[in-house]
Each structure stands twice: as C-alpha cells, then as structure tokens.
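# Geometric and topological summary
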Amino acid sequence: MRISSFGLCQWYISVTVITLSILAGNADAAINIIPLPRSMAARSDTFIVPDTVAVYSDDATSDSTVPWIARLFQQAGKKTRHVFPAQYANITVRHASGTDTLGSDGYRLTVTRDNIAIEAQTTTGQFYAVQSLRQMMPPEIERKSSLAPSTIRLQGVAIVDNKSRLGYRGTMLDVSRHFITLNYVRETIERMALFKLNVLHLHLTDDQGWRIEIKSYPNLTTIGAATQVGGAHPPAGDRWYYTQDEMKDLVAYAAARKIAIMPEIDMPGHCQAAIASYNNLGTSGTWNHTEVYTGFYVGESCMDINNGVAPVVDTFVRKVWTELVPIFPYEYFHIGADECKYATQAAFTAFVKRVEQIIHGLGKKITGWDEIYGIVSDPRVQTWMQGDDQPGTIFSWCNKMYWDQSNRSGDTGTYPWCVQQVTLQDVYGASPQISSPNSHAGVEGCLWGDKVVASSDDRQLFPRTAAEAEIGWTAANNWTEFRSRVAPFSVRFNLMGISWYTNENLVTWQTGYTQYRDSSDTSVFSNFMPTLIPVDTIRQAFIVATGSRRPPALAAGSRYRIFDLRGRLIGTSDGHGLKNAVKSLVPPDGVYFIVEEKNGSARKILK
Ligand code: TNX
C-alpha cells in the first residue's frame, strides 16, 4: 500500500483503486494473447510467481532480454536476480540455435509449475516472448507504479509462436498536421510493443508543418514548424519539432522495443511548410507559397519540378535526406509522393526517379504511396486504394486502416472522407485481403492528423490497433474468437491510461470498466492515470459525478463515494470505514475509484 499526501487544499479526498481479483489473490485467467500465437497448449499446472524471481540467461543475446524480464516482474511487485546455473532459476532465457525453426521473430514460451522458459533465435523473438508473458500477467502491472505484493499465479502453457505472417506491422503517426509530443510518441511505442508491432512510420512533414530539425535549412523549423492545422503557435518556450538529437534518442528507445522508425518527408506535394520556409522550392501561380498552410483540407502545394527538377529542389532533396541518414538506420526512406496536383505525370515520374537515385546513393531504399508504383525499382509501396493493391505492398486501405476514419458513423472529431466508419470488425475482417495471392509485405494503421489530435485521441488507435496487429501476425481469422479474446483488454487499456473506443455493440468488454467517452460525456475519469492524476482533476471529477459545486459538509467519520472509471457514481457510504464501503458498494469485479472525503486530512491510497 502506498500513501502519499496531496498537500494543501481546501478540502481533501483520497482515491483508492481497488482491483478485487488481486485482493483475492486470484490472478488465474484464461490466456488471452493478442496477436494470437501460432500454437498454444494450456497445461493443467500453475506457476506461482515468487517474491524474488531468479532469472538465468545463457549468453550475451539472452542477457539483453533480462532487463525486460526484470522490468516486467518489478511492475508485478516482485524482485529479480540473475542466477547461474539454470537449475536455480525460476525463469530461463535461451538463445535457440540457428537451425531452429522459430525464425527471426518467433519464440517458445513454456510455463510450468516449476518455471518459465523462454527460447528464441533472436532478441526480437525473446522480447516477443516477454510481451506474451506480459499479457498473461495481471493487467494491473500496466500501472505506472508497481503492484503491491500479491500472489500471482500464471496458467501453465506451452506456446510456440514461429514466424509472423507479415514482416512489417506498422503504425503511422502524422506529427505534421498537429504536432505530437515526444512523450506521446514514446507512449505509442510502448503500446505498439505490447502487440508486437515493429515499424513506426513518422509522417514528419506536410503542408501544415515541418517537424524535424535540418541543420542546413534552419527555416524549415523556425518558419515551417511554427504552426499547425488551425493556425495556433507553440506555447512560449515550447517548439513543435524534434531536434536531431531527440530523434536519435527516440530511434534508440524504439529499437530497444524492437520497433524501427521509418521517416517520411513528403515530396514533391504536401510540402507547403518547406516552400513557405524556402520560397524558391515552389513555383508561383500554383498555390500560396509564402506561408505555412494552416487549413484542414489537404493542401495543393508542389515543388518546382514541371520544367525539370529545379536545381534548388534537387539540392534540397539531397541535403535533407543526407542529414537523415545518421538518424534513421531503417532500410527504407518514405517520400510520400501523394497528391501532387500541379505536376504533370512526366515531371512527377522524373522527380521520383531522381529522388530514388539520391536515396539509393545514400544506401537506402525508397518507398511511398500508390503513385510511385511502377516508377521505383524497390518493391515496397504503401497502398490506401483498393485498385492499387499489388504484391509486396503495405496494406493501408483507407476503409480498413485509416485510424482517422470514425469508429462509428457520426462520430464527431474525425474526418470520414473515405468511409463512414471503420469498426474493429472491419479491421479484423481485412485479414483475407492481405493473404496470397496479394502477398503483402505488411500492414499499417495510419493516424492522420488533419482533424484528429492524436495525443487526446487514443480511441482512434485503440482497440483497432490490436486487430491490425493480430491480422499482421497470424492468418487465423476467427472474429467470434477474437471478440472474446480482446474483451479483457478493456482492463489493460484502462490501466495503461489509454482512452479507447469500445465498439460497444461488437464486443462485450470485461465488466466494470470504462469506454472512451463520446463528446457528450464530460467525465474526466475515462483516461485515468491512478498515480499521476492531479488533485484538481479529481475535484473536478467529483463535481461532475456528484453534481455538487462545492464539497458537501461532512458527517462525522468519512464518507466514501464509489465511482466507476467513467466517473459514474456507483454509491455512497457514510461513516463506516473503507472496508465496509468496499464490501457493501463495490461490484464483484472490475476497477473502481473510491473517493474519500475527509475534513482536515489528506491522503491518497493506492492498492
Ligand atoms: C489522405 S491517401 C491522405 C492524407 C490525409 C488523409 C486523411 C494519402 C496518402 N493521404 O494526406 O491526411 O487522407 O484521412
């Protein structure tokens, strides 16, 4: 139990987060892993996690996985120590031989009464085994703070998860239209890792903003990053771009989680921020090129390429990509290349071929949207249009994988130009589309930022990202089964602080948990972070949930009010102590918040 003070305030409350399954010491549950492992056989025995977990690793490759295991068990309120030899270990990590059949991302994970065994041919495979183990642990480990000591039982199982269906399983964040903070990008990386996604595609530039420092073109950030859709500016002391050093750190952070970052610099269209920074990159008479575009609809900018690639454009393209080489080790550079309205086809083709030459000269491969199909020699093209679905493409059909499309018809705050809704089932249902004969190289969900402000809109990413991860990993395609396997993730999402969308009619989410609020729902608990929530937020939640503008006068003793995660008042108990309040008011499962009003003392209790 942790107790901390909120400090001075006019009245005092405390919040208790109770997870009854943990209180009861009963963490057994069906094994619900997403994406679905290739083969999984439940065993009849159970592993009880000891207070100190002894970890054995067999070589340097396996050693690098140990910190992830330590972190996992630390979150579970356990200690770990590294031991030798294996017979003293509760968990063993082994580097499988090169002749094994697990492949570059497969693993074996076996849980028995006596120990947990992880085996893989690569650190990626070992990391994925840890992610599966993470999903077998109680969801409470996802809190920012570690669990208090409790009994954790893991169901015995033998998993062999060999070779993902697609090598590329991506998420795209559009950091240009609305800037996305590094913190949120890191958060997204953590969430991707849980589902074994492996490429974060950053749409770094567009008409509304240039978001990466380029030392040889400083205006790109002084001018090009000064605004976003809607025309706002960064608050004083803040900036809306990433420095090269920040990006290097981010790349390393992602790499540790087995995620590569693919940079995209959109050209020759979608580049108004660049043209506004260096006017001679554009041509007059096509589109306003003296200011960064702050409109919401897709812009129409185009670089000066219709009379041959202008030398100034050629130099720009070469220097920009050159500066990115030491930052992004990923093999592909993405050039967007979509929607360059004012370029003739011949000019566009010549430009793309020239950029390909530059990128090849830098030792990288080139990729982009449908428009470059058939122009470039590298096999990978990303497709949003059904008609351009070709072997080797990255599947991002806008009616299945555009996360800025609504979860349901009529959802405000989204941009449903492609289709009225993309439900969880729609995403899952794309599975047959990505199989042979199309033989896609990958799948990617794209969170465009024209309208969606990512950092306050996890509901566009989740739970749909889980379905994307699943179909990218396995060809198994059983919606009814997936529906029940995804249901308990409501709990994990909540505890991870994800404000997710329920697709309420499609999945019976584990009871007692919240869903993302619609705009009419003013609850502030829907994105609750137990350890980080400021007292003012709790106060506001209290006011919203109770309708009371001022804290009520208190009876002798404490009054407890129980809320669900949506901020709905479940019940009130006066003066009978916490235990009684829990007993009489809290439903038998789920996470609830207990707000304790107490005149004169302040404490926050987390269990
Ligand atoms: C299409 S299709 C775009 C983006 C928009 C998005 C909005 C394609 C490659 N580009 O520029 O942001 O729709 O959904």
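Up top you'll find the structure we're talking about.
Let me sum up the structure you'll find in this document. Every value quoted in this text rests on a predicted model; they were computed, and no experiment measured them.

### Quick notes on the overall build of the protein
Counting its secondary structure elements, the protein contains 18 helices and 23 strands. Here the analysis covers contacts within the protein between residues at least 6 apart in sequence; of these, 73% occur between residues at least 24 apart. Total accessible area computed for the protein in this model is approximately 22900 Å², and 51% of it derives from carbon and sulfur atoms.

### Quick notes on the sheet that holds strand β8 (residues 116–120)
Read across the open sheet, the seven strands follow the order β3-β9-β7-β8-β6-β4-β5; overall the sheet is mixed. Looking at which strands have only one partner, the edges of the open sheet turn out to be β3 (39–48) and β5 (79–82). Taken over all neighbouring pairs, the strand axes of this sheet differ in orientation by 20° on average, direction set aside. Of the pairings in the sheet, the one linking β3 to strand β9 (residues 153–161) comprises seven bridges and is antiparallel in character. From the neighbouring strand, Phe47 faces β9, where its bridge partner is Leu154.

### Points about the state of the cysteines
Taken as a whole, this structure holds two disulfides when the rule is applied. Shown here is the disulfide that connects Cys398 with Cys418, its sulfur atoms set 2.1 Å apart. Linking Cys398 and Cys418, the disulfide has an S-S dihedral of approximately 65° and is accordingly described as right-handed. Placement of the pair is Cys398 in helix α11 (residues 398–401) and Cys418 in the loop between α11 and α12 (424–428), with a sequence separation of 20 residues. Residue class for Cys398 comes out buried when judged on its relative accessible area of 7%. The cystine pairing of the protein, numbering bonded cysteines in sequence order, is 1-2, 3-4. With no disulfide partner, Cys271 has as its closest neighbouring cysteine sulfur the one in Cys302, 6.5 Å distant. A disulfide-free cysteine, Cys446 has its sulfur positioned 9.9 Å from the sulfur of Cys398, the nearest such atom. Judged by relative accessible area, which is 0%, Cys446 ranks as buried.

### Some thoughts on the packing of helix α4 (residues 123–136) against helix α5 (residues 182–194)
Relative to each other, α4 and α5 sit at 90°, their axes nearing to 9 Å. Compared by their axis directions, α4 and α5 come out roughly perpendicular. From α4, Phe127, Gln131, Arg134 and Gln135 reach across to α5, where they touch Glu190, Ala193 and Leu194.

### Quick word on the nonpolar core
Formed by 135 residues in total, the largest nonpolar core has its most connected members in Leu154, Phe195, Trp210, Phe316, Trp321 and Ile335. Here Phe316 is in contact with Trp210, Tyr217, Leu220, Ala274, Leu281 and Met303, once residues within four sequence places are set aside.

### Concerning the pattern of salt bridges
Where charged atoms from two side chains of opposite charge come close, those side chains can pair. Applying the stated criterion to the full structure yields 20 salt bridges. The salt bridge involving Arg134 is made with Glu142; its shortest N-O contact spans 3.0 Å. Each member of the pair Arg134 and Glu142 is classed as buried. For Arg485, the salt bridge goes to Glu481, with nearest N and O atoms at 2.7 Å. Of the two residues, Arg485 and Glu481 both sit in helix α15 (residues 479–486), four residues apart, roughly one turn of that helix.

### Concerning helix α10 (residues 345–361)
An α-helical turn contains 3.6 residues, so a residue and the one three or four places further along point in the same direction. For α10, with 17 residues, the first-to-last C-alpha span of 24 Å sits near the 24 Å given by 1.5 Å per residue. For α10, the full list of buried residues reads Ala347, Phe348, Phe351, Val352, Val355, Glu356, Ile358 and Ile359. Here the buried face of α10 lies against α9 (311–324), β15 (332–334) and β16 (365–367).

### Side note on the site of the ligand
Taken together, 14 residues form the shell around the ligand, and within it Arg177, Tyr402, Asp404, Trp417 and Asp450 come nearest. At 2.6 Å, a side-chain N or O of Asp450 approaches an oxygen atom of the ligand. Protein contact buries 98% of the 370 Å² of open area that the ligand shows by itself. Of the residues assigned to the shell around the ligand, the class counts are seven nonpolar, two polar and five charged.

The rules behind the values
- Residues numbered from 1 in each chain as written.
- Predicted model: local features only at pLDDT ≥ 70, side-chain atom pairs only at ≥ 80, totals over all residues.
- Heavy atoms only, no water.
- Helix = DSSP H or I, 4+ residues; strand = E, 2+ residues; numbered from the N terminus.
- Contact = heavy atoms within 4.5 Å.
- Areas by Shrake-Rupley, 256 points an atom, 1.4 Å probe, with all protein chains shown as cover.
- Pairing = 2+ DSSP bridges.
- Axes fitted to C-alpha atoms, helices over the stretch in contact; angles between N-to-C directions.
- Disulfide = S-S within 2.5 Å.
- Buried < 20%, exposed > 50% of the residue type's maximum accessible area, 1.4 Å probe, protein only.
- Parallel < 35°, antiparallel > 145°, perpendicular 65-115°, else oblique.
- Core = buried A, V, L, I, M, F, W, Y, C linked by side-chain atoms within 4.5 Å.
- Salt bridge = Lys/Arg side-chain N within 4 Å of Asp/Glu carboxyl O.
- Expected span 1.5 Å × (residues − 1).
- Near = heavy atom within 4 Å.
- Polar contact = N/O pair within 3.5 Å; in protein donor to acceptor, adjacent residues only side chain to side chain.
- Nonpolar A, V, L, I, M, F, W, Y, C, P; charged D, E, K, R; others polar.

So far we have only geometry, and geometry alone does not tell us how the molecule works.
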